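Next come the chains, spelled out residue by residue.
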Amino acid sequence: MSRVCYLTGKKNMVVNSVVRRGKARAAGGVGRKTTGITKRVQKPNLQKKTILESGETRQVWLSAKAIRMLNRGPVNGIQLV
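These numbers were taken from a predicted model, which means no experiment stands behind them.

Enquirer: Before we move on, can you summarise the overall build of the protein chain with the specific residues and values?
Expert: A tally of helices and strands in the protein chain yields one helix and five strands. In sequence order, the protein chain lays out its α and β elements as β-β-β-β-α-β. For a compact globule of 81 residues, the expected C-alpha radius of gyration is about 12 Å, and the protein chain comes in at 21 Å, more than 25% above that figure. Considered along the principal axes of its C-alpha atoms, the protein chain spans approximately 65 × 25 × 15 Å.

Next up, the structure:
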């Protein structure tokens with residue numbers, strides 16, 4: 001089972017990690033300079049939960065946002081157990 005939110009489809013996202021040095025112009029410096037850019041992964045807040053879907057229970061990965069949505073009431077015939 002891949003780590004993707006069952007309800008919202010959230011998954012890992014690749015972003016850049018930017019390292020800078022120097023003092024900002026607004027603070028009286030000559031400006032910030034980029035000294036390095038590397039790739040990194042932002043992971044969603046996924047948690048394993050049991051749901052009830054069409055009378056059948058199953059364990060799935062849900063994001064924190066999806067859990068809050070399901071706490072308010074069933075969504076698309078899915079509810080938390």
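Structure shown, so let's carry the discussion forward.
Enquirer: Describe the pairing of strand S3 (residues 46-53), and please don't skip the residues or the numbers.
Expert: Taken together, the eight bridges between S3 and strand S4 (residues 56-63) define a ladder with antiparallel strand orientation. Bridge pairing links Gln47 to Leu62 in S4. Counting the residues that bridge the hairpin from S3 to S4 gives two residues, and of these Ser54 lies at a positive phi of roughly 50°. The pairing of S3 with strand S5 (residues 78-80) spans three bridges and is antiparallel. Bridge pairing in S5 links Leu52 to Gln79.

Enquirer: Describe the sheet that holds S5, with residues and values.
Expert: Strand order across the open sheet formed by three strands is S4-S3-S5, with antiparallel pairing between neighbours. Since the sheet does not close on itself, it has two edges, and those belong to S4 and S5, each with one partner. Averaged over all pairs of adjacent strands, the angle between their axes in this sheet comes to 45°, without regard to strand direction.

Enquirer: Please give an account of a positive patch on the surface that cites residues and values.
Expert: A surface patch of positive charge is lined by Lys10, Lys65, Arg68 and Arg72. Note on placement: Lys65 falls in helix H1 (residues 64-72). We classify Lys65 as partly exposed; its relative accessible area is 45%.

Enquirer: An account of the environment of Thr34 is requested, with residue identities and associated values reported.
Expert: Position of Thr34 among the secondary structure elements: in strand S2 (residues 33-42). Given a relative accessible area of 47%, Thr34 falls into the partly exposed group. Filtering out sequence-adjacent residues up to four positions away, Thr34 remains in contact with Val18, Val19 and Arg20.

Enquirer: So what's going on with the nonpolar core? Residues and values would help.
Expert: Counting eleven residues, the largest nonpolar core consists of Cys5, Leu46, Ile51, Val60, Trp61, Leu62, Ala66, Ile67, Leu70, Val75 and Ile78. For this core, the elements supplying multiple residues, two or more each, are S3, S4 and H1. Residues within four places of Cys5 in sequence aside, it is in contact with Lys10, Leu46, Trp61, Leu62, Ser63 and Ala66.

Cut-offs and rules
Along every chain, residues carry numbers that run from 1 in the direction the sequence is written. With the structure being a predicted model, the display of local features is reserved for residues of pLDDT at least 70 and the display and counting of side-chain atom pairs for 80 or more, all residues being used for whole-chain, interface and lining totals. With hydrogens and water excluded, all non-hydrogen atoms of the structure serve as input to the side-chain values. Put simply, DSSP marks the helices as runs of H or I at least four residues long and the strands as runs of E at least two long, and each gets a number from the N terminus on. For a compact globule the rule gives 2.2 Å times the number of residues to the power 0.38, and the radius of gyration it is set against comes from C-alpha atoms. Pairing between two strands is assigned when DSSP locates at least 2 bridges connecting them. To define axes, lines are fitted to C-alpha atoms, for helices over the stretch in contact only, and angles between the resulting N-to-C directions are given on a 0 to 180 degree scale. Patch membership needs two things, relative accessible area over 30% and no salt bridge, and members are linked within 9 Å if like-charged or within 5 Å if nonpolar (Val, Leu, Ile, Met, Phe, Trp, Tyr). Using a 1.4 Å probe, accessible areas were evaluated by the Shrake-Rupley method; residue-level cover was limited to the displayed protein chains. Salt bridges are defined by distance alone: a side-chain nitrogen of Lys or Arg within 4 Å of a carboxyl oxygen of Asp or Glu. Think of it this way: Lys and Arg go in the positive column, Asp and Glu in the negative one, and His and the chain ends go nowhere. Charged side chains are reduced to one point each, which is NZ for Lys, CZ for Arg, CG for Asp and CD for Glu. Only protein chains enter the accessibility calculation, which uses a 1.4 Å probe. A residue is then buried if its area is under 20% of the maximum for its type, exposed if over 50%, and partly exposed in between. Note on contacts: a residue pair qualifies if any of its non-hydrogen atoms lie within 4.5 Å across the two residues. For our purposes a nonpolar core is just a set of buried Ala, Val, Leu, Ile, Met, Phe, Trp, Tyr and Cys residues, chained together by side-chain atoms within 4.5 Å.

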